[in-house]
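Understanding the architecture of this molecule
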Amino acid sequence: MTRKKYRFKRKPGMSEAETYAHVEITWIDPMSDASWLEIKDFMKMKPATCKTTGRLYKKARGNTYIFGDWSLDKDGDIETVGNVTVIPNVLIEDIKVIK
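Given the structure is predicted, the values throughout are model-derived calculations rather than measurements.

Let's talk about the overall build of the chain
Secondary structure summary: the chain contains 1 helix and 5 strands in total. Along the chain, helices (α) and strands (β) appear in the sequence β-α-β-β-β-β when read from the amino end. On C-alpha atoms alone, the chain measures out to a radius of gyration of 18 Å, which is more than a quarter above the 13 Å that the 2.2 N^0.38 rule sets for 99 residues. For the chain, the spread of C-alpha atoms along the three principal axes comes to 60 × 35 × 25 Å. Sorting the 99 residues of the chain into buried and exposed places 26% on the buried side. In the chain, of all internal contacts separated by at least 6 residues, the share reaching a separation of at least 24 is 53%. Total accessible area on the chain stands at roughly 7500 Å², and carbon and sulfur atoms take up 55% of it. When the 18 positive and 14 negative side-chain charges of the chain are each reduced to one mean point, those points stand 9 Å apart.

As structure tokens, then:
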């Protein structure tokens, strides 16, 4: 099985954030409801298919870490990240690199 590349070599003029692939992740979000339901309505419930986009920071320890916002220091290195999402790998259906 070929492993996809989500981190790229830094070229002159690139910020560190640009070395992380911009991805769209399709994942399954479990559905819940705290109200009282009839069985027929309960059985109609389905998990939601969600899409999240951002820079893929790392796939590790059973999770995928992405960030959507970042600030840079004077050298173009990432100083802080925001709009972060951690998705359990078992819930991910697809990861597509956005060109």
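Digging into the pattern of salt bridges
Counted according to the given criterion, the structure contains 6 salt bridges. Ionic pairing is found between Arg-10 and Asp-77, a salt bridge with its closest N-O pair at 2.5 Å. Pair noted here: Arg-10 is in the segment before strand S1 (22-29) and Asp-77 is in the loop between strand S3 (63-72) and strand S4 (78-88), with a separation of 67 residues, a long-range link. One salt bridge connects Lys-40 with Asp-41, and the closest N-O pair in it is separated by 3.7 Å. Given the relative accessible area of 30%, Asp-41 is considered partly exposed. Through salt bridges with shared partners, one network takes in Glu-24, Lys-51 and Lys-96.

What about the nonpolar core?
Within the largest apolar cluster, 11 residues are counted, these being Tyr-6, Ala-21, Val-23, Ile-25, Trp-27, Cys-50, Leu-56, Ile-66, Ile-87, Ile-92 and Ile-95. By residue number, the principal contributor to this core is S1, which donates 3 residues. The contacts of Ile-25, once residues within four sequence positions are left out, are Cys-50, Lys-51, Thr-52, Thr-64, Ile-66, Ile-87, Ile-92, Asp-94 and Ile-95.

A closer look at the environment of Thr-19
The residue Thr-19 is located in the segment before S1 in this model. Residues Thr-19 and Ser-35 lie 16 residues apart in sequence; the distance between their C-alpha atoms is 45 Å. Each residue touching Thr-19, except ones within four places of it in the same chain, is listed here: Tyr-6, Arg-7, Phe-8, Lys-9, Arg-10 and Met-14.

What counts and what doesn't
- Every residue gets a number counted from 1 within its own chain, in the order that chain's sequence is written.
- Only residues with pLDDT of 70 or above have their local features reported here, since the model is predicted, and side-chain atom pairs are shown and tallied only from 80 upward, although totals for entire chains, interfaces and linings are computed over all residues.
- Side-chain measures were taken over the full set of non-hydrogen atoms in the model, leaving aside hydrogen atoms and water.
- The way it works is that DSSP assigns letters per residue, a run of H or I at least four long becomes a helix, a run of E at least two long becomes a strand, and they are numbered from the N terminus.
- Our radius of gyration is a C-alpha quantity, and the globule rule it is checked against amounts to 2.2 Å times the number of residues to the power 0.38.
- Using a 1.4 Å probe on the protein chains alone, a residue whose accessible area is under 20% of its type maximum counts as buried, one over 50% counts as exposed, and one in between counts as partly exposed.
- Every residue pair with non-hydrogen atoms within 4.5 Å of one another is taken to be in contact.
- Note on areas: Shrake-Rupley, 1.4 Å probe, and residue coverage restricted to the protein chains presented here.
- The charge count includes Lys and Arg as positive and Asp and Glu as negative, but it does not include His or the ends of the chains.
- Here the site of a charge means NZ on Lys, CZ on Arg, CG on Asp, or CD on Glu.
- Salt bridges are defined as contacts in which a side-chain nitrogen from Lys or Arg sits within 4 Å of a carboxyl oxygen from Asp or Glu.
- Among buried residues, those of type Ala, Val, Leu, Ile, Met, Phe, Trp, Tyr and Cys that are joined through side-chain atoms within 4.5 Å constitute a nonpolar core.

Nothing here speaks to function; it is all geometry.
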